[in-house]
Amino acid sequence: MGPAAGRLLHVCYTGQLNPTNSIPRLRVCAVSYLNTVPLVWGMLHGEQQGFFDLQFRVPAECADMVVSGAADMGIIPSFELIGRDFGIVPGVGIACHGAVRSILLVSRRPAHEIRTLAADVSSRTSVALTRIVLARRYGVEPTVVTRPPDLPSMLAEADSALIIGDPALRIDPQATPFHVYDLGREWTEMTGLPMVFAVWAGPRKFVTPRVEAAFQHSCAFGLRSLERIVAEEATARGFPPELVRRYLGRHIAFELDAPARAGMDLFLRYARELDCQPV
């Protein structure tokens, strides 16, 4: 089943949690991609069901909703933490320790020859990560244009295309005639550290110990339920079950430890130094 399914999250709070046990019914924005399903599984099917008012959006929209006050907490892409005094739920998030499979740079040229990049900006973290890897590892800073995640049309007008989330999972890197760079693998080979893509975060007043425990328990329940998630999500999203099992069990890490935090801090520093801005 993979390493993620066999690990249990370390959760400090052990008291009984229920919707009326001093947990406010927060408005929570979650990401609609497959990689978020284990994080919210307890909120959808477990003991945390009914705790929160859940909404689903793409990553950038989740961040915008929390910033605007339309949501109290959300899955916040790492890039969006720059300049924000948000509280962060410890120990859980979306990360990788190598190839992530769902963030792909597809190019008609080798990476060091890329001059233009068509980017799906559903996640501004992925755009920043791509720019960082291209600048630091390959010595290029391409012009970035935003486009819908359609690979043929993106490559018709740019040297390369950034495809993320479920659309990236529908691409077979071995079957495409183009150069394909997995940005999770690129980051970890370049830095030796995990890449953290997103965390649960929001204004500090909402990130209480009981709320933290609810998020942590929801993820722990999801990791114990991976086979059910595989069965249901493969059917719902039209993916082969083995792809879903491998993706959630091997490519995505849901536990954030000290090396993951160091990786996130380094990513944020590199993003600031490159002066990455939303495009």
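Placed above this text is the structure.
Residues numbered from 1 in each chain as written. Predicted model: local features only at pLDDT ≥ 70, side-chain atom pairs only at ≥ 80, totals over all residues. Heavy atoms only, no water.

**Student:** Now, about the pattern of salt bridges: what can you tell me, with residues and values included?
**Tutor:** Scanning the model with the defined rule gives 18 salt bridges in all. Between R204 and D85 there is a salt bridge, with the nearest N and O atoms lying 2.9 Å from each other. Separated by 119 residues along the polypeptide, R204 in the loop between β10 (195-203) and α8 (209-224) and D85 in the loop between β3 (73-77) and β4 (86-96) bring together distant segments of the chain. Each member of the pair, R204 as well as D85, carries the same accessibility label: exposed. Two residues, R246 and E242, come together in a salt bridge whose shortest N-O distance is 3.7 Å. Separated by four residues within a single helix, R246 and E242 lie in helix α10 (residues 241-251), roughly one turn from each other. Exposure remark for R246: the relative accessible area of 33% places this residue in the partly exposed category. Here the salt bridges do not stand alone but share partners, grouping E227, E242, R245 and R246 into one network. (Salt bridge = Lys/Arg side-chain N within 4 Å of Asp/Glu carboxyl O. Helix = DSSP H or I, 4+ residues; strand = E, 2+ residues; numbered from the N terminus. Buried < 20%, exposed > 50% of the residue type's maximum accessible area, 1.4 Å probe, protein only.)

**Student:** Could you give an account of the sheet that holds strand β6 (residues 116-119), naming the residues involved and the relevant values?
**Tutor:** Two modes of strand pairing occur in sheets, parallel and antiparallel, and in both the strands are linked by backbone hydrogen bonds. One open sheet holds the five strands; their spatial order is β7-β6-β8-β5-β9, and the pairing between them is mixed. The sheet is open, and its two borders are formed by β7 (143-146) and β9 (179-182), each paired with just one other strand. Pairwise comparison of adjacent strand axes, ignoring direction, gives a mean angle of 25° for this sheet. Sheet analysis places strand β5 (residues 103-107) next to β9, joined by four bridges and oriented antiparallel. Each residue of the ladder has a partner; that of L104, found in β9, is D182. Each of β5, β6, β7, β8 (160-164) and β9 touches helix α4 (residues 124-138); the most contacted strand, β8, lies at about 135° to it. (Pairing = 2+ DSSP bridges. Axes fitted to C-alpha atoms, helices over the stretch in contact; angles between N-to-C directions. Contact = heavy atoms within 4.5 Å.)

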